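Results of the structural survey
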Amino acid sequence: MSVQQEAGVDGEALEVWIDQDLCTGDGICAQYAPEVFELDIDGLAYVKSPQDELLQDTGATTPVPLPLLTDVIDSAKECPGECIHVRRVSDSVEVYGPDAA
């Protein structure tokens, strides 16, 4: 089963955000998907906008580009802080991360 089928996203838009209160600063997310995640000078990970701008507001989200879906999901699965949340834009249901059903 592909990641897209497993997530049930068949063309559905997904977004990702990081809970900095739980971030351990390991940087695994930035290694998997540097186009989406970046460590800031404070040692915590943040998501980046499609224009490559670091989004530091609490709860800031960014779209998950389909070509990077597997990398973003792997980041959420491997994150030691369990702080990466991937959810559907349409209904805000988390499909990967600590609050996924």
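Residues numbered from 1 in each chain as written. Predicted model: local features only at pLDDT ≥ 70, side-chain atom pairs only at ≥ 80, totals over all residues. Heavy atoms only, no water.

Going by the annotation in an unreviewed UniProt entry, the name recorded for the protein is Ferredoxin, with Streptomyces fungicidicus given as the source organism. Looking at the protein in UniProt, the text filed under Function (unreviewed entry) is "Ferredoxins are iron-sulfur proteins that transfer electrons in a wide variety of metabolic reactions." According to the UniProt record, the Cofactor (unreviewed entry) comment for the protein is "[4Fe-4S] cluster". (UniProt positions renumbered as here; feature names shortened; annotations may be inferred.)

Describing helix 3 (residues 69-78)
Residues of helix 3 that are buried include every one of Leu-69, Val-72, Ile-73, Ser-75 and Ala-76, and no others. For helix 3, the angular spread of the buried residues around the axis is 155°, confining them to a single face. (Buried < 20%, exposed > 50% of the residue type's maximum accessible area, 1.4 Å probe, protein only. Helix = DSSP H or I, 4+ residues; strand = E, 2+ residues; numbered from the N terminus. Arc of directions from axis to C-beta.)

Topic: the side chain of Glu-15
For Glu-15, the location among the structural elements is in strand 1 (residues 14-18). For Glu-15, a relative accessible area of 13% corresponds to the buried category. Only 3.3 Å separates the side chain of Glu-15 from the side chain of Thr-61, close enough to count as a polar contact. Each residue touching Glu-15, except ones within four places of it in the same chain, is listed here: Thr-61, Thr-62, Pro-63, Val-64, His-85, Val-86, Arg-87 and Val-89. (Polar contact = N/O pair within 3.5 Å; in protein donor to acceptor, adjacent residues only side chain to side chain. Contact = heavy atoms within 4.5 Å.)

So, the environment of Thr-62
Following the sequence through the fold, Thr-62 ends up in strand 5 (residues 62-63). Taking the C-alpha atoms as reference points, Thr-62 and Val-16, separated by 46 residues in sequence, lie 5.6 Å from one another. Filtering out sequence-adjacent residues up to four positions away, Thr-62 remains in contact with Leu-14, Glu-15, Val-16, Val-36, Val-47, Lys-48, Ser-49, Pro-50 and Leu-55. In this structure the side chain of Thr-62 is engaged in a polar contact, spanning 2.6 Å, whose partner is the backbone oxygen of Lys-48.

Digging into the sheet that holds strand 1
Spatial ordering of the open sheet is given by 5-1-6-7, a layout of 4 strands whose pairing is antiparallel. Each end of this open sheet is capped by a strand with a single partner; those strands are strand 5 and strand 7 (94-96). Of the pairings in the sheet, the one linking strand 6 (residues 84-88) to strand 7 comprises 2 bridges and is antiparallel in character. Residue pairing for strand 7: Val-86 is matched across the bridge by Tyr-96. Packed onto the sheet, helix 3 meets strand 1, strand 6 and strand 7 and runs at close to 135° relative to strand 6. (Pairing = 2+ DSSP bridges. Axes fitted to C-alpha atoms, helices over the stretch in contact; angles between N-to-C directions.)

Digging into the side chain of His-85
With respect to the helices, strands and loops of the structure, His-85 is situated in strand 6. Take His-85: its relative accessible area is 3%, and that puts it in the buried class. For His-85, the side chain forms a polar contact with the side chain of Glu-94, separated by 2.7 Å. The contact partners of His-85, leaving out residues within four places of it in the chain, are Glu-15, Val-16, Trp-17, Asp-19, Glu-94, Tyr-96, Pro-98 and Asp-99.

A word on unusual backbone geometry
What is expected of a backbone is that most residues other than glycine have negative phi and most peptide bonds are trans. A positive phi is found at Asp-52, a non-glycine position, where the angle reads about 70°. Along the chain, the position of Asp-52 falls in the loop between strand 3 (45-48) and strand 4 (54-55). The backbone of Ser-92 sits at a positive phi, close to 60°, despite the residue not being glycine. For Ser-92, the position within the fold is in the loop between strand 6 and strand 7.

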